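Chain residues, written in single-letter form:
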Amino acid sequence: MYKPAPPRPKKTDIIRSRDGCTSCRKRRTKCDEQKPACGTCVRLEKECEYVKPGLRFQIVTGQRSRSPSSSETSPNATAQELAGDQGSSTQTRQRLRIETGSLVKSLQTTERDIFYTTYWEDRCLPALHPVFHSTTLLVPDMSIIRDAVLALSSCNISRLRGERKVLTTAVMGPWSPSLAHQNASHLYYSSAIRRLATLTSVDLDHNKTVILTTLVLFAHLESAMGNFAGFCCHVQGIMNLLEWRQGVADPTIKSLLTSWMQIRYVVCIMCESHRLNFNAVLQYCRGQMSPLGTGDDPATCISRLRQQAAKLDEWRAHLPPAEQPIYGPIDPTGSPTIHFSSHSAALNYAYYVVARIMQCSGFLTLLHNPHSTSLDYRPHEEDVWVPTLVRIAQGTDMQTSLTRNSYTIGFTGLLLAGILRCRNLSVGLEIEQWLQTLLDLQPTEEGAFPVYQTLSVVQAINRQRAVGRDVFAVTQPVDDGGGSPKVTAYNSQSISCLVFHGYCRQIGGVFEECVVLGGGRFCSRVLMPQVSVVQR
């Protein structure tokens, strides 16, 4: 075997002092570091002292920026503060990549404003309209936009970082948004509101785009919080601002209006579509009106639905290849897997599928002929579209859905709309399983709907379907006007019981039943006296 290499000879015998005494250091001479006194100090008869080792702590922070307390306007503030600090545009902001689980650590090394600004750029912008990428450039110079951006950023992280409640109920869920981030959002929001309130008519004329951007950000915030009164207030402000007829052709303004319409679709149009659809079904089931309230026969209504479906198919035919579905191998259920080149393309195509589901006329035909026994075996168009929607949701990344669907109608709400048109119990169980997996991953909300609340409704629908009842509409016994804002909870409505409306296959008639949700058990009672099914 090889012998170890011999030690290398020393080049010099000089002792290089690294921790020499104070006297030798001052004279810049070598010190042999002998204790209690070195040789040089003994020879010169000097007092030999050594510096005791110590620790020095230094707090390193990023470039300071004004905190919300200092950025808030005073009662005597003027509208000139709209432009913000002129010197802030020359400051260099420290960019930090904030990991999901290092909130406390990141707050120790950066200012609060910089933290929320970084979170806005990394997590919020991908979920919003691309026009807001240019909005970030205005943050250093426009205080009102900066406060609105930070309010939306801190609100978003408060909802994604849920805190377990001390006292919990099955109705409200075991989690609540992070109170610390929610309080920061209120501070930024109130500061932006005060700046907006101090503007004069002259300021509005010269800063229409800035004001419109701020109001759209406010609308996004109120939509995420479920504050419908505040949302309507900002919508009215946008309508008043749009009364001017100049600059409408500007691309930035067009993009802001597109983003605004997306929020209105989430809060108003989608909910109103469901309300009108359910109302038509309910009144038709109760014999109070003809289908869809048109006074026409079912054949005419079905023809109109097919015309709308043809328009949707025409839209799909013009989709670019990058937004078309990519079909993969066959899964265990015998259906091909579906993927897309991007999450936005998947969600966009899912909206098309839900619109096609709403145009299907199978349930209308069923209600028009409730005593036909052959309807239970006839395939319906819904039996194709709803499984397609499920495959799209299964082909997307759940964590991406939680972060990217913050300001839209996510797959949770789309699947709830789909299960109300599907009569296949196995597909309903697939939807239930997807929601349960999502709930186990992150027990908050996906899109505008709380996951645990949607899961409870889907479970109740599947229980009804398991006993031969097809649920076509779900309502609450009492209209609560949308509930209260979601400040300390993830749902605006405290749902303890639901009213199901649908078709009973065993008897061949429509039914209306109230289901009480509580403690994981579903207790049913019939609303109609002495009968469980209303036959027509």
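Residues numbered from 1 in each chain as written. Predicted model: local features only at pLDDT ≥ 70, side-chain atom pairs only at ≥ 80, totals over all residues. Heavy atoms only, no water.

(A) The overall build of the protein chain, seen in detail. A count of helical and extended segments in the protein chain gives 20 helices and ten strands. For the protein chain, contacts bridging at least 24 residues in sequence account for 67% of all contacts bridging at least 6. Carbon and sulfur atoms provide 55% of the accessible area of the protein chain, an area that totals close to 28,300 Å². (Helix = DSSP H or I, 4+ residues; strand = E, 2+ residues; numbered from the N terminus. Contact = heavy atoms within 4.5 Å. Areas by Shrake-Rupley, 256 points an atom, 1.4 Å probe, with all protein chains shown as cover.)

(B) Main features of unusual backbone geometry. Here Lys35 and Pro36 are connected by a cis peptide whose omega angle stands at 10 degrees. Structurally, Pro36 can be placed in the loop between α1 (22-27) and α2 (39-44). The backbone phi angle of Glu33 is positive, close to 60 degrees, even though this residue is not glycine. Residue placement: Glu33 occurs in the loop between α1 and α2.

(C) Just the environment of Gln464, in detail. Residue placement: Gln464 occurs in helix α20 (residues 451-466). Along the sequence, Gln464 and Val515 sit 51 residues apart, while their C-alpha atoms lie 9.7 Å from each other.

(D) Fine view of α20. For α20, built from 16 residues, the straight-helix expectation of 22 Å at 1.5 Å per residue is met to within 8% by its first-to-last C-alpha distance of 22 Å. Among the 16 residues in α20, twelve count as buried, and that is most of the element. Remark: Gly468 follows α20 within two positions and exhibits a positive phi of approximately 90 degrees. (Expected span 1.5 Å × (residues − 1). Buried < 20%, exposed > 50% of the residue type's maximum accessible area, 1.4 Å probe, protein only.)

(E) Geometry of the packing of aromatic side chains. One pass over the structure, following the stated rule, counts eight aromatic pairs. Ring centres of Phe411 and Trp434 lie 6.3 Å apart, and the angle between their planes is 70 degrees; this geometry places the pair in the edge-to-face category. Residue Phe411 is located in helix α18 (residues 411-419), and its partner Trp434 is located in helix α19 (residues 425-441); the two are separated by 23 residues in the primary sequence. Joined through ring pairs, the aromatic side chains of Trp315, Phe340, Tyr349, Tyr352 and Trp385 make up one cluster. In this arrangement the basic side chain of Arg469 is found over the ring face of Phe511, its NZ or CZ atom lying 4.9 Å from the centre. (Phe/Tyr/Trp six-rings, centres within 6.5 Å; stacked < 30°, edge-to-face > 60°. Lys NZ or Arg CZ within 6 Å of the ring centre and 35° of its normal.)

(F) Region of interest: the environment of Asn227. Relative to the assigned elements, Asn227 resides in the loop between α10 (208-225) and α11 (228-241). Sequence separation of Asn227 and Lys486 is 259 residues, and the distance between their C-alpha atoms is 7.1 Å. If we ignore the near neighbours within four places in the chain, the residues touching Asn227 are Glu222 and Pro485. Separated by 3.3 Å, the side chain of Asn227 and the backbone nitrogen of Gly230 make a polar contact. (Polar contact = N/O pair within 3.5 Å; in protein donor to acceptor, adjacent residues only side chain to side chain.)

(G) Region of interest: the UniProt feature "domain: Zn(2)-C6 fungal-type" (unreviewed entry) in the protein chain. Mapped onto this structure's residue numbering, the UniProt feature "domain: Zn(2)-C6 fungal-type" (unreviewed entry) falls at residues 20-50. For residues 20-50, the helix share is 39%, the strand share is 0%, and the end-to-end C-alpha distance is 7 Å. (UniProt positions renumbered as here; feature names shortened; annotations may be inferred.)

(H) Structural detail: the nonpolar core. Judged by nonpolar contacts, the single largest core of 55 residues is most densely connected at Ile392 and Phe500. Looking at this core, the element that brings in the most residues is helix α14 (residues 343-358), giving ten residues. Ile392 has contacts with Ile338, Phe340, Ala346, Tyr349, Ala350, Val353 and Phe411, leaving out every residue within four places of it along the chain. Listed in part, the 46 residues of the second largest apolar core include Leu150, Leu199, Leu221 and Val235. (Core = buried A, V, L, I, M, F, W, Y, C linked by side-chain atoms within 4.5 Å.)

(I) Geometry of the side chain of Ser23. Inspection of the secondary structure assignment puts Ser23 in helix α1. For Ser23, a relative accessible area of 14% translates into the label buried.

(J) Representation of the layout of surface pockets. The space that makes up the second largest pocket amounts to roughly 660 Å³. Forming the boundary of the second largest pocket are 26 residues, of which Gln262, Ser344, Leu347, Tyr351 and Thr408 lie nearest the centre. At the level of elements, α12 (251-285) and α14 are the ones that each hand at least two residues to the lining of the second largest pocket. By residue class, the composition of the lining of the second largest pocket is 13 nonpolar, eleven polar and two charged. If you count residues domain by domain, the lining of the second largest pocket takes at least three from each of domain 2 (102-164 + 171-247) and domain 3 (264-462). (1 Å grid on protein atoms, 1.4 Å probe; cavity = no way out; pocket = protein on both sides within 12 Å on 5 of 7 lines; lining within 4 Å. Points joined across faces, edges and corners; volume = space filled by probe spheres on them. Nonpolar A, V, L, I, M, F, W, Y, C, P; charged D, E, K, R; others polar. Domains from an automatic or database assignment.)

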